[in-house]
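# Commentary on secondary and tertiary structure
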Amino acid sequence: VLMEVGREGIFVWKAGNYASLIAADTAEGISIKANAIATSAGAWLRVYSGPISIKWLGAIGDGATDDYAAFAVAALLGGDISLPQPASFYRVNSTITVGLSNTRFLGAGRGNTIVKTYSTGHGFAVSSGLSYVEFRDFQLLRNGTPTTDAQNGIHFAGIGLGIAGCAAAVATMS
């Protein structure tokens, strides 16, 4: 049982090659490398059902800490990513690139989950050729006014994408 705040959960040992999962999950939110054992031999894997919580991947959601690393790992892992209501908002200082089909970022409601981008580029960039990428039930804000077309909240370079229950706005906040 992992007791670290924000990452609490049950992990079980599974034999097998988990090298690519461990490489993607740098925050060890759903997989943990065992000491002195090759990742090709096995790993500790989180027992869960439903979406992966962005909090497991290290997101703080206090409005001051850059949560980019957690979002970047989530985008690498794909699947359903839960964005629970943060204490303030999720601050992201760089563009989050989504490169896998069937990736869904799922908030807790427009008034409850806020992702604020401080990136000089797009907030999210969705790679071309993907299918079924979804952003649902959260508000995406940009700090400051975009000055170029390369500063969209979400840049879609592909097809088969959906946005539901979301709001986007420009905010000038520190």
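Above this text is the structure in question.
Values in this document were obtained by computation on a predicted structure and should not be read as measured data.

## Regarding the sheet that holds strand β3 (residues 42-46)
With antiparallel pairing, the three strands of this open sheet are ordered in space as β1-β3-β2. Either end of the sheet is taken by a strand with one partner, and the two such strands are β1 (11-15) and β2 (31-32). Two elements, β2 and β3, share two bridges in a ladder whose sense is antiparallel. When the bridges of β3 are listed, Ile 32 appears paired with Trp 44.

## Quick notes on the environment of Ser 101
Following the sequence through the fold, Ser 101 ends up in the loop between β7 (96-98) and β8 (103-107). It is 8.2 Å that separates the C-alpha atoms of Ser 101 and Gly 79, two residues lying 22 residues apart in sequence. Setting aside anything within four residues of it in sequence, one finds Ser 101 in contact with Leu 130, Ser 131 and Tyr 132. Within polar-contact distance, the side chain of Ser 101 engages the backbone nitrogen of Ser 131 at 2.9 Å.

## A look at the sheet that holds strand β13 (residues 154-156)
The strand order β7-β10-β13 describes an open sheet built from three strands, whose pairing is parallel. What marks the edges here is a single partner per strand, and that holds for β7 and β13. Each neighbouring strand pair of the sheet contributes to a mean axis angle of 15 degrees, computed without reference to strand direction. Taken strand by strand, helix α2 (residues 68-77) contacts β7 and β10 (124-126), and its axis lies near 5 degrees from that of β7.

## Some thoughts on the pattern of salt bridges
Once the charged atoms of two side chains with opposite charge are near each other, the side chains can pair. What the rule picks out here adds up to three salt bridges. Taking the shortest distance from any N to any O, the salt bridge between Arg 104 and Asp 80 comes out at 2.8 Å. Of the two residues, Arg 104 is situated in strand β8 and Asp 80 in strand β5 (residues 79-83); the sequence distance between them amounts to 24 residues. Overall, the relative accessible area of 19% leaves Arg 104 in the buried class. Note on Asp 80: relative accessible area 29%, which makes it partly exposed.

## Side note on a nonpolar patch on the surface
On the surface, a cluster of nonpolar side chains totalling about 510 Å² of accessible area is made up of Val 1, Met 3, Ile 10, Val 12 and Val 47. Mapped onto the elements, Val 12 comes out in strand β1. Look at Val 12 and you get partly exposed, because its relative accessible area is 31%.

## Some points on unusual backbone geometry
At Tyr 132, a position not held by glycine, the phi torsion is positive, near 55 degrees. Note that Tyr 132 resides in the loop between β10 and β11 (133-136). Tyr 132 sits in the partly exposed class, given a relative accessible area of 42%. Phi angles above zero are rare outside glycine, and Asp 137 is one such case at about 60 degrees. Checked against the element boundaries, Asp 137 lands in the loop between β11 and β12 (139-143). Using a relative accessible area of 27% as the deciding quantity, one classes Asp 137 as partly exposed.

Conventions we followed
Within any chain, residue numbers begin from 1 and follow the written order of that chain's sequence. Per-residue local features are limited, in this predicted model, to residues with pLDDT of at least 70; the limit for side-chain atom pairs, both in listing and counting, is 80 or more; totals at the level of whole chains, interfaces and linings are taken over all residues. Only hydrogens and water are set aside; all other atoms, that is, all heavy atoms of the structure, feed into the side-chain values. Strand pairing is assigned whenever DSSP detects at least two bridges linking the two strands. Each helix is a run of DSSP H or I of at least 4 residues and each strand a run of E of at least 2, with the numbering of both proceeding from the N terminus. Contact criterion: two residues are considered in contact whenever any of their non-hydrogen atoms come within 4.5 Å of each other. Throughout this description, a polar contact denotes any pair of N or O atoms lying within 3.5 Å of each other; where both atoms belong to protein, one of them has to be capable of donating a hydrogen while the other can accept it, and for residues adjacent in sequence the pair is counted only when both atoms sit in side chains. The convention used is that axes are lines fitted to C-alpha atoms, helices contributing only their stretch in contact, and that angles between N-to-C directions extend from 0 to 180 degrees. The term salt bridge refers to a side-chain nitrogen of Lys or Arg lying within 4 Å of a carboxyl oxygen of Asp or Glu. Partly exposed residues are those whose accessible area sits between 20% and 50% of the maximum for their type, while under 20% is buried and over 50% is exposed, using a 1.4 Å probe and protein chains only. Surface patches are drawn from residues lacking salt bridges whose relative accessible area is over 30%; two like charges belong together within 9 Å, two nonpolar side chains (Val, Leu, Ile, Met, Phe, Trp, Tyr) within 5 Å. Where accessible areas are quoted, they stem from the Shrake-Rupley method and a 1.4 Å probe; at the residue level, only the protein chains shown are allowed to cover.

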